[in-house]
Amino acid sequence: MAEQENEKPQHQAVVTNSSLAFFEKYINNPSPTGFEWKGQELWLEYIKPYIDEYFVDNYGTAVGVINPQAEYKVVIEAHADEISWFVNYITSDGLIYVIRNGGSDHQIAPSKRVNIHTDNGVVKAVFGWPAIHTRSGGEKEEAPTLKNIFLDCGCTSKEEVEKLGIHVGCVITYEDEFTVLNDRYYVGRALDNRAGGFMIAEVARLLKENNKQLPFGLYIVNAVQEEIGLRGAEMIAHRIKPNVAIVTDVTHDTQTPMINKIVQGDLACGRGPVVSYAPAVQNNLNRLLIESAQKANIPFQRQASSRSTGTDTDAFAYSNDGVPSALISLPLRYMHTTVEMIHKEDVDNVIRLIYETLLNLEAGQDFRYIK
């Protein structure tokens, strides 16, 4: 019998027009690492009709809870933050140098429009770059680096910049917004991983609309500060102390040029969710994911993640004496750029896979290898 991931069954749509409208609004809202709260407010507003209660921790991780009195606790989790920049140095002639907040890509910065977030509101700026005419003459061209990319906000002195409310430590995000490409791909910045926050909220919606009663407590976690080391997940894992954690994040579509499949694996947008193999992924829980996909006729792919997954899965797995954890990834093109792309059908199928896995999960289920 052929493996499930090699067959593509009839697609079942999940995302509605109203949920898509929320997704667009949620993606367009800036939520840089350490400054996620506006996005978290939008997310909570959307998910509140589908949960029993919610709470938010000191650093902004938001948690919607279904069956809060239940002893057995299951987490479904994504992260809310997006990569960004910090103002690091303002020159005497009014130009601004930056440092990363998360894994921001210096090579895509030149000619990008940005928003500098100040206490007085947003200040517009651009990443300047020397004109091609000035880069000739036989000299080797300089590539963009952290040392030479800079912002121009139209000022000619440091004092003028500061009068706009800009100071060292102001956070900077790109302007780029959500769009749909060829009626097939969602495109935008920060799909890594606000797409995940959207998908776990949609799981809550499906549970409510289909009148499903879970035999355990479900904690729908939208964590902060993943992009700088899984920090929000570390904090909230210790607070919730879950029995099981299912994490969703993005992974690389490897079908585009300059990606080595021997190194990165053979994964593609449109082929379905990706299940991962890594030490942090608990194999019995992973088996439940795969069986749930096969039972519900959901296409899926497989990925090997070596020492760590690099996602919040690792933080949950190694918390609280060890929490059975697994990862469901969404294939994505052009990660950490402003034109990240995800396939509409993959979004539906990640939602379905998490939903079906929850319906197949029992209260008190023991995932230990040896009992």
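The structure contained in this document is the topic of the report that follows. (Residues numbered from 1 in each chain as written. Predicted model: local features only at pLDDT ≥ 70, side-chain atom pairs only at ≥ 80, totals over all residues. Heavy atoms only, no water.)

A separate point is the nonpolar core. If you look at the biggest cluster of nonpolar residues, it comprises 64 residues, and the most contacted ones within it are Trp-43 and Ile-220. Tallying contributions element by element places helix 4 (residues 191-209) first for this core, with ten residues. Setting aside chain neighbours within four positions, we find Ile-220 in contact with Trp-43, Ile-47, Ile-51, Ala-62, Val-63, Gly-64, Ile-66, Ile-76, Ile-200 and Ala-204. (Core = buried A, V, L, I, M, F, W, Y, C linked by side-chain atoms within 4.5 Å. Buried < 20%, exposed > 50% of the residue type's maximum accessible area, 1.4 Å probe, protein only. Helix = DSSP H or I, 4+ residues; strand = E, 2+ residues; numbered from the N terminus. Contact = heavy atoms within 4.5 Å.)

This part covers the sheet that holds strand 12 (residues 217-223). The strand order across the open sheet formed by eight strands is 1-2-12-3-13-16-14-15, and the pairing between neighbours is mixed. Of all the strands in the sheet, the pair left with one neighbour each is strand 1 (53-56) and strand 15 (301-304). Taken over all neighbouring pairs, the strand axes of this sheet differ in orientation by 25° on average, direction set aside. Sheet topology note: the strand 14 (residues 274-277)/strand 15 ladder contains four bridges and is parallel. (Pairing = 2+ DSSP bridges. Axes fitted to C-alpha atoms, helices over the stretch in contact; angles between N-to-C directions.)

Let us now look at the packing of helix 2 (residues 37-47) against helix 4. A pair of packed helices can be characterised by two numbers: the angle between their axes and the separation between those axes. Following both chains from N to C, one finds helix 2 and helix 4 inclined at 15°, their axes separated by 10 Å at the closest point. In terms of their interaxial angle, helix 2 and helix 4 are classed as roughly parallel. Remark: the crossing between helix 2 and helix 4 carries right-handed chirality. Listed contacts from helix 4 to Trp-43, Tyr-46 and Ile-47 of helix 2 are Gly-197, Ile-200, Ala-201, Glu-202, Ala-204 and Arg-205. Across the contact of helix 2 with helix 4, the residue classes tally to six nonpolar, one polar and two charged. (Parallel < 35°, antiparallel > 145°, perpendicular 65-115°, else oblique. Left-handed = near helix turned anticlockwise from the far one by under 90°. Nonpolar A, V, L, I, M, F, W, Y, C, P; charged D, E, K, R; others polar.)

Looking now at the sheet that holds strand 17 (residues 340-343). Pairing is antiparallel in the open sheet, where three strands are placed in the order 10-11-17. Pairing within the sheet leaves two strands with one partner each, and these edge strands are strand 10 (179-181) and strand 17. Put simply, the sheet's adjacent strands are angled 30° from each other on average, direction ignored. Of the strand pairs in this sheet, strand 10 and strand 11 (residues 185-188) are connected by three bridges, and their pairing is antiparallel. When the sheet's bridge partners are listed, Thr-179 is paired in strand 11 with Val-187. Seen against the sheet, helix 9 (residues 344-360) touches strand 11 and strand 17 and runs at an angle of roughly 65° to strand 17.

We now examine the side chain of Thr-309. As for its placement among the helices and strands, Thr-309 is situated in the loop between strand 15 and helix 8 (312-317). In this structure Thr-309 comes out as buried when scored by relative accessible area, which is 14%. Within the structure, Thr-309 has its side chain in polar contact with the side chain of Thr-311 (distance 2.7 Å). Of note is the side chain of Thr-309, whose polar atom sits 3.0 Å from the side chain of Asp-314. (Polar contact = N/O pair within 3.5 Å; in protein donor to acceptor, adjacent residues only side chain to side chain.)

With that settled, the discussion passes to the pattern of salt bridges. Counted under the stated rule, the structure contains twelve salt bridges. Across the pair Arg-135 and Glu-141 runs a salt bridge, and its minimum N-O distance is 3.1 Å. On the accessibility criterion, Arg-135 (24% relative accessible area) is partly exposed. Between Glu-202 and Arg-205 there is a salt bridge, and its shortest N-O distance comes to 2.7 Å. Of this pair, Glu-202 and Arg-205 both sit in helix 4, three residues apart, roughly one helical turn. Since its relative accessible area comes to 4%, Arg-205 is described here as buried. Each of the salt bridges in this network shares a partner with another, and the network as a whole consists of Glu-82, Arg-189 and Arg-194. (Salt bridge = Lys/Arg side-chain N within 4 Å of Asp/Glu carboxyl O.)

What follows is about the packing of aromatic side chains. Per the counting criterion, the structure on display carries 14 aromatic pairs. Measuring from centroid to centroid gives 5.4 Å for Phe-23 and Phe-178, while their planes differ by 65°, and the two rings are edge-to-face. You can see Phe-23 sitting in helix 1 (residues 17-28) and its partner Phe-178 sitting in the loop between strand 9 (171-174) and strand 10, a full 155 residues away along the chain. This pair shows no difference in class: Phe-23 is buried, exactly as Phe-178 is. Centre to centre, the rings of Phe-23 and Tyr-186 are 5.6 Å apart; their planes meet at 90°, and the pair counts as edge-to-face. Of this pair, Phe-23 sits in helix 1 while Tyr-186 sits in strand 11, and the two are 163 residues apart along the sequence. The two residues Phe-23 and Tyr-186 agree in class, both being buried. Ring-pair connections join several aromatic residues into one group, and the members of that group are Phe-22, Phe-23, Tyr-26, Tyr-46, Tyr-50, Phe-178, Tyr-186 and Phe-198. The residue whose ring lies beneath Arg-194 is Tyr-26, and the NZ or CZ to ring-centre distance is 5.6 Å. (Phe/Tyr/Trp six-rings, centres within 6.5 Å; stacked < 30°, edge-to-face > 60°. Lys NZ or Arg CZ within 6 Å of the ring centre and 35° of its normal.)

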